[in-house]
Amino acid sequence: MSFEISGKKIWVSGHTGLVGSTLTRQLTELGASPIIASHKDLDLANQQQTFDFVADQKPDAAIICAAVVGGIKANALYPTRFLQDNLQIETNI
């Protein structure tokens, strides 16, 4: 399967993270038009905001790199919080 990248609107959620920023840069180099939204402008845990954003932007594809993350200590202290938050983000997208 192939997907022509040039000229496509591709939403990269989590574009400021390690993976998301690399993908955004590479997509731009390949001629795509990455769609990005900061966490200040779009709360992916909010279903209506997420749905409205997608309806407005109409991306050709989406790459999900967004996640709530913590270090070893945070993961040990809040073992289900990260799972719940990340499942909500993935479900909304």
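Reading guide: rules and limits
Residues numbered from 1 in each chain as written. Predicted model: local features only at pLDDT ≥ 70, side-chain atom pairs only at ≥ 80, totals over all residues. Heavy atoms only, no water. Helix = DSSP H or I, 4+ residues; strand = E, 2+ residues; numbered from the N terminus. Buried < 20%, exposed > 50% of the residue type's maximum accessible area, 1.4 Å probe, protein only. Contact = heavy atoms within 4.5 Å. Areas by Shrake-Rupley, 256 points an atom, 1.4 Å probe, with all protein chains shown as cover. Lys, Arg positive; Asp, Glu negative; His and termini not counted. Charge placed at Lys NZ, Arg CZ, Asp CG, Glu CD. Pairing = 2+ DSSP bridges. Axes fitted to C-alpha atoms, helices over the stretch in contact; angles between N-to-C directions. Expected span 1.5 Å × (residues − 1). Arc of directions from axis to C-beta. Phe/Tyr/Trp six-rings, centres within 6.5 Å; stacked < 30°, edge-to-face > 60°. Lys NZ or Arg CZ within 6 Å of the ring centre and 35° of its normal.

### Quick word on the overall build of the protein
- When helices and strands are counted, the protein shows four helices and three strands.
- Beginning at the N terminus, the succession of helices and strands in the protein can be written as β-α-β-α-β-α-α.
- Summarising its shape, the C-alpha atoms of the protein cover approximately 45 × 30 × 25 Å along the three principal directions.
- Out of the 93 residues belonging to the protein, those deemed buried represent 22%.
- Contacts spanning at least 24 positions in sequence make up 61% of the contacts within the protein whose residues lie at least 6 apart.
- Summed over all atoms, the accessible surface of the protein reaches about 6,400 Å², with 56% contributed by carbon and sulfur.
- Across the protein, the mean location of the 7 positive side-chain charges is 5 Å away from that of the 9 negative side-chain charges.

### Some words on unusual backbone geometry
- Phi at Lys-58 takes a positive value of approximately 50 degrees, unusual for a residue other than glycine.
- In this structure, Lys-58 sits in the loop between helix 2 (47-57) and strand 3 (61-64).
- A residue is classified by how much of its surface remains accessible, and Lys-58, at 58% relative accessible area, is exposed.

### Focus on the sheet that holds strand 3
- Taken together, the three strands give an open sheet; going across it, the order is 2-1-3, and neighbouring strands pair in parallel fashion. Each edge of the sheet is formed by a strand with only one pairing partner; in this case those strands are strand 2 (33-35) and strand 3. Averaged over all pairs of adjacent strands, the angle between their axes in this sheet comes to 30 degrees, without regard to strand direction.
- As judged from the four bridges shared by strand 1 (residues 9-13) and strand 3, these two strands associate in the parallel manner. By the bridge assignment, Ser-13 is partnered in strand 3 with Ile-64.

### Examining helix 4 (residues 81-92)
- For helix 4, spanning twelve residues, the distance from its first C-alpha to its last is 17 Å, which sits close to the expected 16 Å at 1.5 Å a residue.
- Taken together, the buried positions of helix 4 are Phe-82, Asn-86, Ile-89 and Asn-92. Buried residues of helix 4, viewed axially, fall in a sector of 130 degrees; they line one side. For helix 4, the exposed residues lying more than 90 degrees away from the buried face are Leu-83, Gln-84 and Thr-91.

### So, the packing of aromatic side chains
- Using the criterion set out here, one finds one aromatic pair in the structure.
- Between the NZ or CZ atom of Arg-81 and the centre of the ring of Phe-82, over which it lies, the distance is 5.2 Å.

Honestly, it's all geometry; don't read function into it.
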